[in-house]
Amino acid sequence: MARFPRPKRLEGFDFEKNPNVTPEVVADLKAPTWVREGRPLVLIGDSGTGMSHLLIGIGTAIAETGLSVRHTTTSALVNELAEADANRRLSSVIARYSKTDLLYLDEFGYLNLDRKGAKLLFQIFTEREERKATAVATNSPFTEWDKTFGDARLCAAIADRIAFRCTLIQTGTESYRFQATQESLFPGQ
């Protein structure tokens, strides 16, 4: 049901390669307390810094406690909502997403949304606010989200909902994948 794009576990996350991420904070996120309290999780960092790994690993740990988890990209969710709206099924799709204990939105802010897409996504955040946990992984700091949503007021409302009582993890700017590629091409340098 979670639809993770690939298997990842927190035990496989290399904290030494990314010292911005503290093991203690991640260990706390393995416990379902924050999910049951409907608190958000925000991961901010550049591509390749472990955000998706953390999302999938935390999501796997939460699913193993028996709670429902759903992983999707932000663009896939917005596309699904737009299709549902066009087919007059929007209420049922929003209801389905509002029941999931933990919703993960990967690649949040990677693509700019049109006004309609932003409003549809806002409905998901509103339905889940303070009742169900939502986690996002983004390469954009909060101050740049207005570019994604194109509407300053709507952006402020979404940021307000996702930032309230959230756990914030900044994964940094050093790409693990890039480092691994360099090490394989130029060992010992």
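Read on for a plain summary of the structure. (Residues numbered from 1 in each chain as written. Predicted model: local features only at pLDDT ≥ 70, side-chain atom pairs only at ≥ 80, totals over all residues. Heavy atoms only, no water.)

Here we look at the packing of helix α1 (residues 23-30) against helix α3 (residues 51-64)
At step 1: Put simply, α1 and α3 touch, their axes get as near as 8 Å, and they point 40° apart. Looking at the two axes, α1 sits oblique to α3. Of the residues in α3, those touching α1 at Val26, Leu29 and Lys30 are Leu54, Ile58, Ala61 and Ile62. (Axes fitted to C-alpha atoms, helices over the stretch in contact; angles between N-to-C directions. Helix = DSSP H or I, 4+ residues; strand = E, 2+ residues; numbered from the N terminus. Parallel < 35°, antiparallel > 145°, perpendicular 65-115°, else oblique. Contact = heavy atoms within 4.5 Å.)

Brief notes about the pairing of strand β4 (residues 133-138)
At step 1: Of all six residues in β4, six are buried; the element is thus mostly enclosed.
At step 2: Both faces of β4 are covered, namely the face carrying Ala133, Ala135 and Ala137 and the face carrying Thr134, Val136 and Thr138.
At step 3: Pairing of strand β1 (residues 41-45) with β4, which is carried by four bridges, proceeds in the parallel orientation. If you follow valine 42 over to β4, its bridge partner there is valine 136.
At step 4: As a crossover connection, the stretch from strand β3 (residues 102-108) through helix α6 (residues 115-128) into β4 is right-handed. (Buried < 20%, exposed > 50% of the residue type's maximum accessible area, 1.4 Å probe, protein only. Pairing = 2+ DSSP bridges. Right-handed = clockwise from strand over helix to strand, strands pointing away.)

Regarding the sheet that holds β1
At step 1: Read from one edge of the open sheet, five strands run β2-β3-β4-β1-β5, paired in parallel fashion. In this open sheet, the two strands that pair with only one neighbour each are β2 (69-73) and β5 (167-172). Each strand of the sheet is rotated relative to its neighbour by a mean of 15°, with strand direction disregarded.

A word on the state of the cysteines
At step 1: Throughout the structure, instances matching the rule amount to zero disulfides.
At step 2: Take cysteine 155: it sits in no disulfide, and the sulfur closest to it among the cysteines is that of cysteine 166, at 14 Å. (Disulfide = S-S within 2.5 Å.)

Points about helix α4 (residues 74-86)
At step 1: Across its 13 residues, α4 extends 18 Å between first and last C-alpha, which sits within 8% of the 18 Å expected from 1.5 Å per residue.
At step 2: Taken together, the buried positions of α4 are occupied by Thr74, Leu77, Val78, Leu81 and Ala84. One face of α4 carries all of its buried residues, which in axial projection span an arc of 125°. Set apart from the buried face of α4 by more than 90 degrees, the exposed residues are Glu83 and Ala86.
At step 3: Looking at the packing, one finds that the buried side of α4 touches β2, α5 (90-99), β3 and α6. (Expected span 1.5 Å × (residues − 1). Arc of directions from axis to C-beta.)

What to know about unusual backbone geometry
At step 1: Its identity is not glycine, yet glutamate 107 carries a phi of approximately 60°, on the positive side.
At step 2: Look at glutamate 107 and you get partly exposed, because its relative accessible area is 39%.
At step 3: Unlike most non-glycine residues, glutamate 130 shows phi in positive territory, near 60°.
At step 4: The residue glutamate 130 is located in the loop between α6 and β4 in this model.
At step 5: Here glutamate 130 falls in the partly exposed class, since its relative accessible area comes to 46%.

Quick word on the packing of aromatic side chains
At step 1: Under the defined criterion, the tally for this structure stands at five aromatic pairs.
At step 2: Note on phenylalanine 108 and phenylalanine 125: the rings are 6.0 Å apart at their centroids and 90° apart in plane angle, and the pair reads as edge-to-face. Placement of the pair is phenylalanine 108 in strand β3 and phenylalanine 125 in helix α6, with a sequence separation of 17 residues. Comparing phenylalanine 108 with phenylalanine 125 shows no difference in burial state: the two are buried.
At step 3: With 5.7 Å between their ring centres and 55° between their planes, phenylalanine 108 and phenylalanine 149 make a pair best called tilted. Note that phenylalanine 108 is positioned in strand β3 and phenylalanine 149 in helix α7 (residues 145-149), a separation of 41 residues in sequence.
At step 4: Taking the relative accessible area as the measure of exposure, phenylalanine 108 reaches 1% and is therefore buried. (Phe/Tyr/Trp six-rings, centres within 6.5 Å; stacked < 30°, edge-to-face > 60°.)

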